[in-house]
Amino acid sequence: MLEKREKKERRVGLPELKNAVKGKVVLRFAPNPNGSLSFGHARGIVINGEYAKEWDGELILRFDDTDTVVKPPLPQAYEDIPKEAEWLLGYAPHRIVIASDRIPHYYEHAEQMLQEGFGYVCQCSGEAFKVFRVEKTECPCRPNSPDHNMDLWGKMLDGTFKPGDAVVRVKTDMTLKNPALRDWPALRMQDTANHPHPRPGVGSTYRVWPLLDFQSAVEDHLQGVTHIIRGKDLMDSTRKQTLLYAHFGWSYPETMYWGRVKVHEWGGFSTSQMRRDIEAGAFTGWDDPRLPTLQALKRRGITSEALRAFWVELGVTQKDISVPLSALFSHNTKQIDDDAPRLAFIRTPVEVHLAGDHPAQVEVDVHPNHASMGKRTFTFEPATVWLEEEDMAKGNLRLKGFADLEIEKQSATVASIERSDQRPIVHWLSETQSCEATLIVAKDGEIVEHKGRMERHDYPEGTMVQLERIGYGRVLDATTILFSHS
RNA sequence: GCUCGUAUAGUGUAGUGGCCCAUCAUGAAGGACUCUCAUUCCUUCGACCCGGGUUCAAAUCCCGGUACGAGCACCA
């Protein structure tokens, strides 16, 4: 029989995947390519991707681009998303499927549905059908014969019907307890003459398009998906799709759901809204550091490892949660601190002449814990240093790694090279080894550019550095740092 | 309104009837190290939504309540 575990051990990582067979697991992540990937999308990629890795399975990246009117696809997204996904995953998705390339497959299944009588063409308006749904009564189109349905289907396809005239429904049961499940719509018509699909070769080719629940269900089956892990807002989708699977004689994949996540600092955001704002010029692009997109996070210096650790830690609970950005940042600090060279950045620089005796130059570590990263050299010819205005107000100071200073108004005298008392330790810059620089900080939806002086360096763009006593940042160029987090 | 789901420390999470006066992380406070308000290390703080029930035993099962969220689109 079952033996009790000796001790309860804390589970680490993701929960067990039910009915998973090593090497046979197929998962998918299916965004709408109507914009770049956001922080929220990352959860889908990370969770599905980590399971695929754990089980030597496959991860499908599927573009659910079946709406050309309400959420029209963005051509650029077809190029960006695979790159963003690969960056985040650490590997390229094993398969890429584009729904708009596969319309004939969906038609084929729609026709099977009509011919076998578990689907019908409904000519009721949305309003009219709503009444049937609420009253648990059948609409007059429901009893149509397969032949009649095929005839109406032909009229949808050839344009005799216009968008809004007809829709294909899956026959479930109008008395089902859950109103969401009653004879749900599977395919509808779209005005692709005025709203062509942006992908070349697709354009205005099709008038009839599948809706998410149908397209996704058929495609999951076609692709052999074994496990679906998605937001719990799609729970009713699972129920609708399970009903459809039963009609086709298929068995539905294992499912798991996660709840809603809000980030304290960001609140709600939608891809469509971001797209409008970017197009209106409110943001510089999808990588604008104010935006909660993967591109922006990457640009700010958040590593994919940190993002993965963050999402794995949240797991796949169905709770609706609200997390502070600091949770992500603490993962990031762990990732970058060991490799981040230290640099001084003086925010409100005050120029101070040094009086008194002192060496001609001084050397300090590039990284306090890693001598192998080398030394930084500061020279005092001229004998001028830059200090933060705020620090100057504190009185006598210890220049980190250099000397004790007696501060008298705007003048400073070197009192001791050795640390002689508990005066505050501050960061500083020598005249020769510094230059004017900008620290860009994105906070509360605003971008603030702090002009100051920064230590000269030749780190390439993209290097993560730690600005002493300020926080981490990413090198944009020799005189610009994009603030990451403290 | 109907339907579905969730409820453990400030935050996030472990826990599927006894090992739990509850795990881990983060956070906060204090300390060690350090010539950074960093890193690392140590200590401390802090929670099972409420009410019933089942049981020798409940965070864990059942019922009710409450709170929050989602679906009921010819969006995804």
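Treat the numbers as computed from the prediction; the structure is a model and nothing was measured.

### Concerning the packing of helix α1 (residues 39-54) against helix α10 (residues 304-314)
Consideration 1: Remark: α1 packs on α10, axes separated minimally by 9 Å, with the N-to-C direction vectors making an angle of 80 degrees. Judged on the interaxial angle alone, α10 and α1 are roughly perpendicular. For the pair α1 and α10, the contacting residues are Phe39, Ala42, Arg43, Val46, Ile47 and Glu50 in the first and Leu307, Arg308, Phe310, Trp311, Val312 and Leu314 in the second.
Consideration 2: In terms of residue class, the contact of α1 with α10 is built from nine nonpolar, no polar and three charged.

### Re the domain arrangement of chain A
Consideration 1: The assigned domain composition of chain A is domain 1 (15-99 + 211-338), domain 2 (102-209) and domain 3 (342-485).
Consideration 2: The gap between the C-alpha centroids of domain 2 and domain 3 is 67 Å.

### Quick look at the pairing of strand β4 (residues 119-122)
Consideration 1: With burial as the criterion, each face of β4 is covered, one bearing Gly119 and Val121 and the other bearing Tyr120 and Cys122.
Consideration 2: For β4 and strand β5 (residues 167-170), the ladder comprises four bridges, and the chain directions are antiparallel. By the bridge assignment, valine 121 is partnered in β5 with valine 168.

### Structural notes on the sheet that holds strand β13 (residues 345-346)
Consideration 1: Overall, mixed pairing links the seven strands, which are arranged β12-β25-β26-β27-β23-β24-β13 in an open sheet. Two strands bound the open sheet, and with one partner strand each, they are β12 (342-343) and β13.
Consideration 2: Relative to strand β25 (residues 464-467), β12 runs parallel, the two sharing two bridges. Following the sheet pairing, leucine 343 is matched in β25 by leucine 467.
Consideration 3: Against the sheet, helix α11 (residues 325-336) makes contact with β25, β26 (471-477) and β27 (480-485), and its axis sits at roughly 125 degrees relative to β27, the strand it touches most.

### Brief notes about the protein's contact with RNA strand B
Consideration 1: Close contacts around RNA strand B come from 59 residues, with Arg10, Lys71, Arg133, Arg398 and Tyr472 the closest.
Consideration 2: When the atoms of RNA strand B within 4 Å of the protein are grouped by moiety, sugar and phosphate amount to 72% of the total.
Consideration 3: Here a phosphate oxygen of RNA strand B and a side-chain polar atom of arginine 188 are 2.7 Å apart.
Consideration 4: Within the contact set of RNA strand B, a phosphate oxygen lies 2.5 Å away from a side-chain nitrogen or oxygen of lysine 319.
Consideration 5: Residues belonging to the surface near RNA strand B are distributed by class as follows: 17 nonpolar, 14 polar and 28 charged.

### Thoughts on the packing of aromatic side chains
Consideration 1: Under the definition given, this model contains 17 aromatic pairs.
Consideration 2: When the ring of phenylalanine 63 is compared with that of tyrosine 78, the centres are 5.1 Å apart and the planes differ by 45 degrees; the resulting orientation is tilted. Residue phenylalanine 63 is found in strand β2 (residues 58-63), and its partner tyrosine 78 is found in helix α2 (residues 75-89); the two are separated by 15 residues along the sequence.
Consideration 3: Among the residues examined, tyrosine 78 registers a relative accessible area of 13% and is labelled buried.
Consideration 4: Consider the rings of phenylalanine 118 and phenylalanine 248, whose centres lie 5.0 Å apart with planes at 85 degrees: the pair is edge-to-face. One end of the pair, phenylalanine 118, is in the loop between α3 (103-115) and β4; the other, phenylalanine 248, is in helix α7 (residues 235-248), and 130 residues separate them in sequence.
Consideration 5: Members of the aromatic cluster, each reached through a chain of ring pairs, are Phe118, Tyr245, Phe248, Trp250 and Tyr252.

### Some remarks on the confidence of the model for chain A
Consideration 1: Mean pLDDT over chain A: 92, with 98% of residues reaching 70 or higher.
Consideration 2: Between the elements of chain A, mean pLDDT differs from a low of 82, seen in strand β20 (residues 411-416), to a high of 98, seen in β2.
Consideration 3: Counted against residues more than four places away or in other chains, residues 1-6, with its pLDDT under 50, gives zero contacts.

Calculation notes
- Residues numbered from 1 in each chain as written.
- Chains lettered and ligands numbered in written order.
- Predicted model: local features only at pLDDT ≥ 70, side-chain atom pairs only at ≥ 80, totals over all residues.
- Heavy atoms only, no water.
- Axes fitted to C-alpha atoms, helices over the stretch in contact; angles between N-to-C directions.
- Helix = DSSP H or I, 4+ residues; strand = E, 2+ residues; numbered from the N terminus.
- Parallel < 35°, antiparallel > 145°, perpendicular 65-115°, else oblique.
- Contact = heavy atoms within 4.5 Å.
- Nonpolar A, V, L, I, M, F, W, Y, C, P; charged D, E, K, R; others polar.
- Domains from an automatic or database assignment.
- Buried < 20%, exposed > 50% of the residue type's maximum accessible area, 1.4 Å probe, protein only.
- Pairing = 2+ DSSP bridges.
- Near = heavy atom within 4 Å.
- Polar contact = N/O pair within 3.5 Å; in protein donor to acceptor, adjacent residues only side chain to side chain.
- Phe/Tyr/Trp six-rings, centres within 6.5 Å; stacked < 30°, edge-to-face > 60°.
- pLDDT = per-residue confidence, 0-100.

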